[in-house]
Structures are given as structure tokens and as C-alpha cells.
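Structural characterization, general
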Amino acid sequence: MAVRTDTDMLANPAAKTGGTAFAIIGAVSLGHFLNDLVQSLLPAIYPILKQNFALDFGQIGLLTLAFQLTASLLQPVVGTYTDRRPLPYSLPLGMVATLVGLLLLSVAPTYGSLLLAAALIGLGSSVFHPESSRVARMASGGRHGLAQSLFQVGGNGGAAVGPLLAAFIVLPHGQGSIAWFSVVALLGIALLTVVGVWYSRRLTSARASGKTEVSVKPGLSRRKIAISLAILGALIFSKYFYLASLNTYLTFYLIQKFHVSVASAQIHLFVFLAAVAIGTVLGGPIGDRFGRKYVIWFSILGVFPFTAMLPYVGLMWTGVLTVVIGLILSSAFSAIVVYAQELVPGRVGTIAGLFFGFAFGMGGLGAALLGELADHTSIFFVYHICAFLPLIGLLAVFLPPMRREARAPV
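Residues numbered from 1 in each chain as written. Predicted model: local features only at pLDDT ≥ 70, side-chain atom pairs only at ≥ 80, totals over all residues. Heavy atoms only, no water.

**What about the side chain of N35?**
Relative to the elements of secondary structure, N35 occurs in helix α3 (residues 22-44). When its relative accessible area of 0% is taken as the criterion, N35 is described as buried. A polar contact of 2.9 Å, which involves the side chain of N35, links it to the side chain of D36. Setting aside chain neighbours within four positions, we find N35 in contact with M95, T98, F128 and H129. (Helix = DSSP H or I, 4+ residues; strand = E, 2+ residues; numbered from the N terminus. Buried < 20%, exposed > 50% of the residue type's maximum accessible area, 1.4 Å probe, protein only. Polar contact = N/O pair within 3.5 Å; in protein donor to acceptor, adjacent residues only side chain to side chain. Contact = heavy atoms within 4.5 Å.)

As C-alpha cells, then:
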């Protein structure tokens, strides 16, 4: 049994009060909604940027890569640092970086400035996710999967609403109208400042009390833990490479294959992302009740029949299948993060930063590589190839079962 520091103890303050702090979870979930709404504007306006700047698919993929890699490379660093030295007020500061990137995106005159704007938005994400994920777990009262799902669904909801708002605001009014969304970022800064105050008070209270708690180890060797983390990484690769094919290129696929309007394609993207949000909510509590390994197994591998059918169906069934794919595939991430945090107890920020960062990196790398593949073949060929990615989910059979920790600390 390892003795935890006062910083680790903060990860579950609800355990001291005997319940789940839903108000705080709701606040960070809303912050996640606002953060990801702003971030989702970038891929949502790709058709406009493609036309205005004469971009090819490879350049569009590099825009996503610039955003995702900034977030990917910095998130584990932020998470590791804040495990030792929590930074409650980094949450609003991250949103400030997002605001600057958003405003630059609205006036960017060159492709280089678009890349810089994307990188700034990614920087905001890298600061936001590790600490806000920690706050959600702090307030969980031991219901870790539920808290992580509620936190995640805020981000998924924002990602779903962003393209819809882009279809009805940015498409009719042009690139400059992106600046209107600065109001969303400013609201996020105010909300996350309040969350930072709550977090800071919890930190002060814990340090003043001088209390420590005991973390529960998973009872596995270091080698087994390392192998399990590698398997989880492979599953993240599978999930986010496939999601990149839909998040970044679904609108182009629908426009080219079915000749729908840009607005219609954006609505299809919104419906898919809404399904992702719903699946995220379901995955966490199901994992709390029945075991996270089973959720991970079903979510990654179980989606394969539907991804295999997608390239061969008409418009109506494409809409149906993308909803099913979104529901099933999205249920995995919360379960993966909590499972990994149970593998390495006391390292909430490190694991959150590592897995959020790796997920963002795989999404960015996937968008770039799939964009190049689409340029050299076709957008249709991309979906034929990506259909087989969920088979990587077979690796989940090698994940060890975790001992039940119904109300265990972080």
C-alpha cells in the first residue's frame, strides 16, 4: 500500500463529505462544452477554408495536426507537473489561449496564420484537459466512471454543437464571423475561474488538515501494467484514427458521394457527434457497474460490423450507421481513462494528460495521413481502409480484470 500525498487526496474530496459533488462536475462539464465548442469550429469550417485558401486535403490534415499535436505534446507534461503542483487557475488561462487562437482564426490572411491559430487553440486544450479531468475525479465521490463520463459528455456536446453553429452562422457570414464565438470563450473563462476558486479552497483545506489517504494498488507487476497501458494505447489509436475519418472528412464524403449541400453535410456531422456524446454518457456508469474491461472490449471491437458496412450503403443508411458507430465507439474513452488511472493510482493528472494527449495526437496524425491518402486515392478509399481499424479491439482480451473499488480514492 502506498501513502499518498495531500495533492493526491484532493482527487476525491467528495469521499470526505460522503457524496458526489455534481455541481462541480456539472461546472467542469459545461467548461468542457464551451472549450470543445470553440475547438470544433476549426474542422467545421474546413469547406470554407478549402475554398478561400485553395487548400488540398493534405493541407487540411496538417491544420488538424497543428491543433492536435500542440495539445498532444503538452498535455502529459501539464498532467505530470500538476500531479506534484496543482494549478487551479490554469483552467481559465487555458481558455485565454483558446480565445486568442479563435480571434486569429477569424482574421487569418494566410495559411501560416491558420496553422498558428490552430496551434493556439490546441495549447488551450492542453492546459484545460488534465486539470479539469482531475477536478471531475475529485468531485466523483468514488463514482469515477460516472464523473469521467459526465465530464466527457460536455466536450462531446460542444463538439457536436460547434459544426451546427458553423453551418448556420459561419457558412452564411464568412470567416470573420468566427470572432462572434469569442463570447463563448469569455463565458468559459468566467466559469472556469469559479471552478479554480473551488479547487484552490480544497487544496488549501487539505494542506491545512495534514491528512493523508491510502491508494489501492491493482496487484499487478510493473511489466503487466506496462503491457496493459500499451494495449490501451493501441485501442486509443484504433478509436481516434477512425474518428478522424469521420470528424474531419465526413462532410467531404457526403458531398462527393451523395452530392448533398454543405449545410446538409454539417447537419449529418452534428447528428454523428450528438451520438458520440450520448455514447460517452452511457460508457462510464456501465463500466462502474459491470467492469470497464467489458465496455472497452465491446466499444472497440463491437463497432466493426457497422464500419464494414458503411462504405457500401446509401445516404439514409449512412446516417443510421454513423449514429450507431458514434454510440458504440464513444463509450470506450471514459472507461479507458478510468481503467488506466486504476492501473497507476495516485497519478490522475499524468494519466489524464497522457491519454487525452495521445488521443488528440492520434486524431491529428490520423487526419493528416488520411488526408494524404485521400489526395492520392479518393475519399471513398479512406473509408474502405478505416473500416478494419476496430479489429485492433481484439487486443482487449489481454487486459487483466481489475479488482472492484466501488468507492476507492484516486
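**Overview of the pattern of salt bridges**
A side chain with one charge can pair with a side chain of the opposite charge if their charged atoms come near. Counted according to the given criterion, the structure contains 3 salt bridges. The closest approach of N and O atoms between R134 and D83, which form a salt bridge, is 3.0 Å. You can see R134 sitting in helix α7 (residues 111-138) and its partner D83 sitting in helix α5 (residues 57-84), a full 51 residues away along the chain. We classify D83 as buried; its relative accessible area is 7%. Among the salt bridges present, the one from R292 reaches E342, with a minimum N-O distance of 2.7 Å. Of this pair, R292 sits in helix α12 (residues 292-301) while E342 is found in helix α15 (residues 332-343), placing the two residues 50 residues apart along the sequence. Each member of the pair R292 and E342 is classed as buried. Overlapping salt bridges bring together D83, E131 and R134 as one network. (Salt bridge = Lys/Arg side-chain N within 4 Å of Asp/Glu carboxyl O.)

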